[in-house]
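Chain by chain, the residues:
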Amino acid sequence: MKTLKVELGERSYPIHIGEGSIRILPDLLKEFSFSPKAALVSNPTVFNLYGETVMKGLEDAGLKVELILIPDGEEYKDFLWAYHILSRMLRAGLDRKSCLFALGGGVIGDIAGFSASTYMRGISYVQIPTTLLSQVDSSVGGKTGVNHPIGKNMIGTFYQPRLVLIDPSTLRTLPEREFLAGMAEVVKYGVIRDSSFFDYLRKRYEEILNLNMDGLEYIIENSCRIKADVVSEDEREAGLRAILNYGHTIGHAIETATSYRRYLHGEAVSIGMVAEARIAVLLGLMKEEAAAEIENLLQRYGLPVRTERDLSPDSIIPHLSMDKKAVSGVVKYVLPERIGEVKIHSDIPEEVLRSALSAVMES
């Protein structure tokens, strides 16, 4: 098992990565002194696959667990379901030293982390991500939140977990579409920070798509290392951490415009990465060939690079100003200058934005 660490002083925590590691959860909990009452948040699909193993592990660790299941889907990551989780925790009698465990993908991790951060002004939580997207991105870094019809993740907190436990073998039961959506975030890390990782993804795509465990562990470890390094330097997105949002400004707007029901998060981010690379080309920041490399790699992993025909720039642009990273109405974009290097820009001319959006929309 590989162990990385997010270095945040007294809030530092480990990321454990290894096939079958979900079974050693009781051993990993020995260093903590949680109250006996705990809660596990999951959805029915994931719980039917891994819930018995995790529940037994928690019980073996001496915990009495309140099971809280919420429906599967981004549309359920909202304040009403967070309120449901908090109500169940209150009725179960969890106290300030209790721990909340999140078993599932990004939706579960985000809403469980948000609930933990607000319950009694903050209790411990542990991330056990079971999708590729959550393993390489949302489970690490302490961003928690819920969606609102006006914008994605507009209600949330920065709140770090006590540990992250990643078992790549859970990816064998992941639907193909969900796996491919997670690859968008993996490709993102190569674009923003590591050109050699981008080359690895380009050369080893068949191995990765065939779920070779060595390849999966490598891409998960490398993605987590990049994110851990960035978060350790800039926990609350005062500067550097914003580069992790490459593809997300436009991607989030696409998700909001389609009511979180049409595209998986990674699919929207994939289209957003292509659009934001197009902005960089139009502004003379990036060569056309490099933007084509990004688009081609995303296509190689079966990801969408165009929206469906009913979307237009006019249906996307109003949602951009509601991005949570916007300040005084000024929207920030992470634009690649070359593979492995990006910079943050704002005040993009509207004609450039419209041209880039039109380029990723089916005619």
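Residues numbered from 1 in each chain as written. Predicted model: local features only at pLDDT ≥ 70, side-chain atom pairs only at ≥ 80, totals over all residues. Heavy atoms only, no water.

1. A short note on a nonpolar patch on the surface
- A contiguous nonpolar surface patch, about 540 Å² in accessible area, is contributed by Phe79, Tyr83, Ile150, Met154, Ile155 and Met322.
- Its location among the elements puts methionine 322 in the loop between helix H13 (313–320) and strand S10 (332–338).
- The class of methionine 322 is partly exposed, set by a relative accessible area of 33%. (Patch = residues over 30% accessible without salt bridge, like charges linked within 9 Å, V, L, I, M, F, W, Y side chains within 5 Å. Areas by Shrake-Rupley, 256 points an atom, 1.4 Å probe, with all protein chains shown as cover. Salt bridge = Lys/Arg side-chain N within 4 Å of Asp/Glu carboxyl O. Helix = DSSP H or I, 4+ residues; strand = E, 2+ residues; numbered from the N terminus. Buried < 20%, exposed > 50% of the residue type's maximum accessible area, 1.4 Å probe, protein only.)

2. A few points about the pattern of salt bridges
- Under the definition given, this model contains 26 salt bridges.
- The residue lysine 143 makes a salt bridge to glutamate 237 at a minimum N-O spacing of 2.5 Å. Of this pair, lysine 143 sits in strand S7 (residues 143–148) while glutamate 237 sits in the loop between helix H9 (213–233) and helix H10 (248–257), placing them 94 residues apart in sequence.
- When the shortest N-O distance is used, the salt bridge between glutamate 185 and lysine 188 registers 2.8 Å. One end of the pair is glutamate 185 and the other is lysine 188, both in helix H6 (residues 176–193) and 3 residues apart, which spans about a single turn.

3. Structural notes on the side chain of aspartate 194
- Summarising the element assignment, aspartate 194 is placed in the loop between H6 and helix H7 (195–203).
- Buried charge without a salt bridge: aspartate 194, with arginine 225 as the nearest opposite-charge side chain at an N-O distance of 8.0 Å.
- If we ignore the near neighbours within four places in the chain, the residues touching aspartate 194 are Tyr189, Asn222, Ile226 and Gly340. (Lys, Arg positive; Asp, Glu negative; His and termini not counted. Contact = heavy atoms within 4.5 Å.)

4. As for unusual backbone geometry
- Its identity is not glycine, yet glutamate 237 carries a phi of approximately 60 degrees, on the positive side.
- In the Ramachandran plot, serine 259 falls in the positive-phi region, its phi being about 60 degrees despite a non-glycine side chain.
- Relative to the assigned elements, serine 259 resides in the loop between H10 and helix H11 (265–282).

5. Focus: the nonpolar core
- One finds Met183, Leu201 and Ile219 to be the most contacted residues of the largest nonpolar core, which totals 78 residues.
- For this core, the leading source of residues is H11, giving 10 residues.
- The residues touching methionine 183, leaving out its near neighbours within four places in the chain, are Leu132, Leu201, Ile208, Ile219, Tyr301 and Leu303. (Core = buried A, V, L, I, M, F, W, Y, C linked by side-chain atoms within 4.5 Å.)

6. Things to note about helix H4 (residues 106–118)
- Compared with an ideal rise of 1.5 Å per residue, which puts 13 residues at 18 Å, H4 spans 18 Å between its outermost C-alpha atoms and is within 8% of the ideal.
- Counting buried positions over the 13 residues of H4 gives 12, a clear majority of the element.
- All of the buried residues in H4 are Gly106, Val107, Ile108, Gly109, Asp110, Ile111, Ala112, Gly113, Phe114, Ser115, Ala116 and Ser117.
- Note on H4: the residue one or two positions beyond its end, methionine 120, has a positive phi of about 50 degrees. (Expected span 1.5 Å × (residues − 1).)

7. Observations concerning the environment of isoleucine 317
- On the secondary structure map, isoleucine 317 appears in helix H13.
- Ignoring any residue separated from it by four or fewer positions in sequence, one finds isoleucine 317 in contact with Leu353, Arg354 and Leu357.

8. Some points on the packing of aromatic side chains
- Enumeration over the complete set of coordinates arrives at 6 aromatic pairs.
- Ring geometry for tyrosine 76 and tryptophan 81: centres 6.3 Å apart, planes at 85 degrees, overall edge-to-face.
- Taking the relative accessible area as the measure of exposure, tryptophan 81 reaches 25% and is therefore partly exposed.
- Between tyrosine 125 and tyrosine 159, the ring centres sit 5.9 Å apart and the planes meet at 10 degrees, which makes this aromatic pair stacked. Of this pair, tyrosine 125 sits in strand S6 (residues 124–129) while tyrosine 159 sits in the loop between strand S8 (151–158) and strand S9 (163–166), and the two are 34 residues apart along the sequence.
- On the basis of relative accessibility, which here comes to 2%, the residue tyrosine 125 falls in the buried class.
- Residue classification places tyrosine 159 among the partly exposed residues on the basis of a relative accessible area of 23%. (Phe/Tyr/Trp six-rings, centres within 6.5 Å; stacked < 30°, edge-to-face > 60°.)

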